[in-house]
Amino acid sequence: TTAVRQTLLVLGASGDLTGRLLLPGLGALLASGALPGLRLIGSGMDDWDDERWRRRVADSFATVGADGAGESEVIKASRYVRADVTSEEGLRRLLADCAGPLVIFFALPPMVTARAAAALARIGVPPGTRLMLEKPFGVDRISAHSLNNLLATLVPEEQVHRIDHFLGKSTVLNLLGLRFANRIFEPVLNSAHVACVDIVFDETLGLEGRAGYYDGAGALTDMVQSHLLQVLALLAMEPPPSVRAQELRGRTAQVLRAARLWDDDPVVASRRARYTAGEIDGRRLRNYIDEPGVDPARRTETLAEVVLTVDTWRWAGVPFRLRSGKAMSAVRKEAIITFKQAARVPDGLTGYERPDRLRIGFGPDCLALDLNINGPGNPFDLDQVRLTADFGPGELPAYGEVLRGAFEADPTLSVRGDVAEECWRIVEPVLAAWRADEVPLQEYAAGSGGPVDTLLGPVPE
Ligand code: BG6
């Protein structure tokens, strides 16, 4: 084909993120054929040569089976440039090397991203350049705001791709079809019918050697401020007239602007906890604070729970619980919509005490509906049955999906600047209360179900 070859310039190429997420996503995207070739340039402070970098790219591509001729070509032509990407001089040298349409990927910690963006703003980028930035976007609302201002001097907002890979998960995107392309759910998704909403993302994984990043972030920033608020937005937003970038991101911004802490009180609305030693599926995890690289003085949480309210006509009074924990007894990744009891159950029917629930699983991907019907046995004594459906896997892994957006200059699946700031606005009172130690840091053994003292009681089974 004669399609123009784009250049992907990775800042922070020798870092953990590039190897773990960016390159496998890129490999999958290349292997899918959705990207007609690519020039790949890696850059970082480490003293790597082209060979070492190419090995890293090849290894990462191999993890997703991206080993076709197209991918080998990209790897062979790929180069590594050692540079200080926070200096104008370093960046100027890098840009001089980049031909054609350019995507710059900031695979850097927030502080370094801010400095690199500032240096870049002083020298400018070629027209049409797209910028991709990893989460966390800033470290609080003010830093996110100044980073937004800085980026706005470089390129128009549509060319800034703030990554939240949950927006690339096919199950998360399935919320759009489920809610807006069916007649049966939308009329009951409101405070007249819904008792509460849980968005849970529990992992059995512990720190996995990521102290350098995670110990400075914690569960609230790592999962709730970013991923889970995006899921909430898709679950709670008003129907958009189209799923194109402007409308969808407008609806996201609108619903998040209406979200605030339950009772406006971080002490009531949040819980935090940290895992201690324990065993999960025969795997022994050590105490979080004994993990290499962890600084106990930081008091980083590995589980965060926040209860929000969405102040709109539709949702007034309905609690939304967002919870994510590491080193939990079981993987649990789902949104659960719990409905109120039927308005009036006829006398003579029994066994309907468990509420109806709609569950959307994010891994394994599935949809389930819990209903009270007359199962086996006495037809007047009801049973709860579960109707389930499995979603097929998406065409691309989540990371490949969001990368595709940047290469196709389509910002639909990236986080708009004001939305990133809004997400910080929502969690900031919690961060402040935790810093001031107004909410106790609880402990839970790795492999357990997490703390039991929660505002809404345990997450429904
Ligand atoms: C990442 C977080 O963004 O998302 C990790 O930093 C978390 O801590 C991961 O494990 C979960 O995403 P996935 O794609 O593995 O479900």
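Residues numbered from 1 in each chain as written. Predicted model: local features only at pLDDT ≥ 70, side-chain atom pairs only at ≥ 80, totals over all residues. Heavy atoms only, no water.

Basically, it comes down to this: UniProt positions are given in the numbering used here, feature names are shortened, and annotations may be inferred rather than shown by experiment.
Looking up the protein chain in an unreviewed UniProt entry gives the name Glucose-6-phosphate 1-dehydrogenase, with the organism given as Micromonospora qiuiae. Recorded in UniProt under Pathway (unreviewed entry), the annotation for the protein chain is "Carbohydrate degradation; pentose phosphate pathway; D-ribulose 5-phosphate from D-glucose 6-phosphate (oxidative stage): step 1/3."

### Concerning helix H8 (residues 211-236)
Our working rule: The bend at a residue is defined as the angle formed between two axes, one fitted to the seven residues ending at that residue and one fitted to the seven starting there. Secondary structure is summarised from DSSP: a helix means a run of H or I of at least four residues, a strand means a run of E of at least two, and numbering begins at the N terminus for each. Accessible area is worked out with a 1.4 Å probe on protein chains only. A residue is then buried under 20% of its type maximum, exposed over 50%, and partly exposed in between.
Maximum bend of H8: about 100°, positioned at Gly218. Across the 26 residues of H8, 23 count as buried, placing the element largely inside the fold.

### A few points about the site of the ligand
Selection criterion: For this description, a residue counts as near a given molecule or strand if any of its non-hydrogen atoms is within 4 Å of it. Residues are grouped as follows: nonpolar covers Ala, Val, Leu, Ile, Met, Phe, Trp, Tyr, Cys and Pro; charged covers Asp, Glu, Lys and Arg; every other residue, Gly included, is treated as polar.
Around the ligand, the neighbouring residues are Lys135, His165, Phe166, Lys169, Phe201, Glu203, Arg210, Asp222, Met223, His227 and Lys326. The element contributing the most residues to the shell around the ligand is H8, with three residues. The residue makeup of the shell around the ligand, split by class, is three nonpolar, two polar and six charged.

### A short note on the pairing of strand S7 (residues 194-202)
So the rule is basically this: Paired strands are those between which DSSP finds at least two bridges.
Along S7, eight of the nine residues are buried, which leaves the element largely enclosed by surrounding structure. Across eight bridges, S7 lies against strand S14 (residues 332-339) in antiparallel orientation. Its bridge partner being in S14, Asp202 is matched across the sheet by Arg332. Examined bridge by bridge, S7 and strand S13 (residues 319-325) share six bridges and lie parallel to one another. Bridging across to S13, Asp198 finds its partner in Arg321.

### A look at the nonpolar core
For clarity, the cut-off: For this analysis, a nonpolar core means a set of buried residues of the types Ala, Val, Leu, Ile, Met, Phe, Trp, Tyr and Cys, connected via side-chain atoms within 4.5 Å. In this description, contact between two residues means that some pair of their heavy atoms is separated by no more than 4.5 Å.
Leu26, Leu40, Ile104, Phe105, Phe106 and Phe320 are the most contacted members of the largest nonpolar core, which has 134 residues in total. Broken down by element, this core gets its largest block of residues, 14 residues, from H8. In contact with Leu40, other than residues within four places in its own chain, are Leu8, Val10, Leu23, Leu26, Trp53, Val57, Val74, Ser78 and Arg79.

### Notes on the UniProt feature "domain: Glucose-6-phosphate dehydrogenase C-terminal" (unreviewed entry) in the protein chain
Per the UniProt record, the feature "domain: Glucose-6-phosphate dehydrogenase C-terminal" (unreviewed entry) sits at residues 178-452. In residues 178-452, the share of helix is 27% and the share of strand is 28%. The end C-alpha atoms are 32 Å apart.

### Considering the UniProt feature "domain: Glucose-6-phosphate dehydrogenase NAD-binding" (unreviewed entry) in the protein chain
Under the feature "domain: Glucose-6-phosphate dehydrogenase NAD-binding" (unreviewed entry), the UniProt entry names residues 10-174. Note that residues 10-174 is 49% helix and 15% strand, and that its end C-alpha atoms are spaced 30 Å apart.

### What about the packing of aromatic side chains?
Just so we agree on the cut-off: Paired rings are identified among Phe, Tyr and Trp, the last through its six-membered ring, by centres lying within 6.5 Å, and are further divided according to the angle between planes into stacked (under 30 degrees), edge-to-face (over 60) and tilted (the rest). A ring is considered to have a charge above it if a Lys NZ or an Arg CZ atom is located within 6 Å of its centre and within 35 degrees of its normal.
Going through the model one piece at a time under the given rule, you end up with eight aromatic pairs. Ring geometry for Trp48 and Tyr80: centres 5.7 Å apart, planes at 35°, overall tilted. Of this pair, Trp48 sits in the loop between strand S2 (39-44) and helix H2 (50-63) while Tyr80 is found in strand S3 (residues 79-82), placing the two residues 32 residues apart along the sequence. Taking the centre distance of 6.5 Å and the plane angle of 75° together, the rings of Tyr213 and Tyr214 count as edge-to-face. Look at Tyr213 and you get partly exposed, because its relative accessible area is 27%. Clustering of aromatic rings is evident, with ring pairs tying together Tyr213, Tyr214, Tyr275, Tyr288 and Tyr444. Directly above the aromatic system of Phe137 lies the positively charged group of Arg162, at a separation of 4.8 Å from the ring centroid. Above the plane of the ring of Phe166 lies Lys169, whose end atom (NZ or CZ) is 4.6 Å from the centre.

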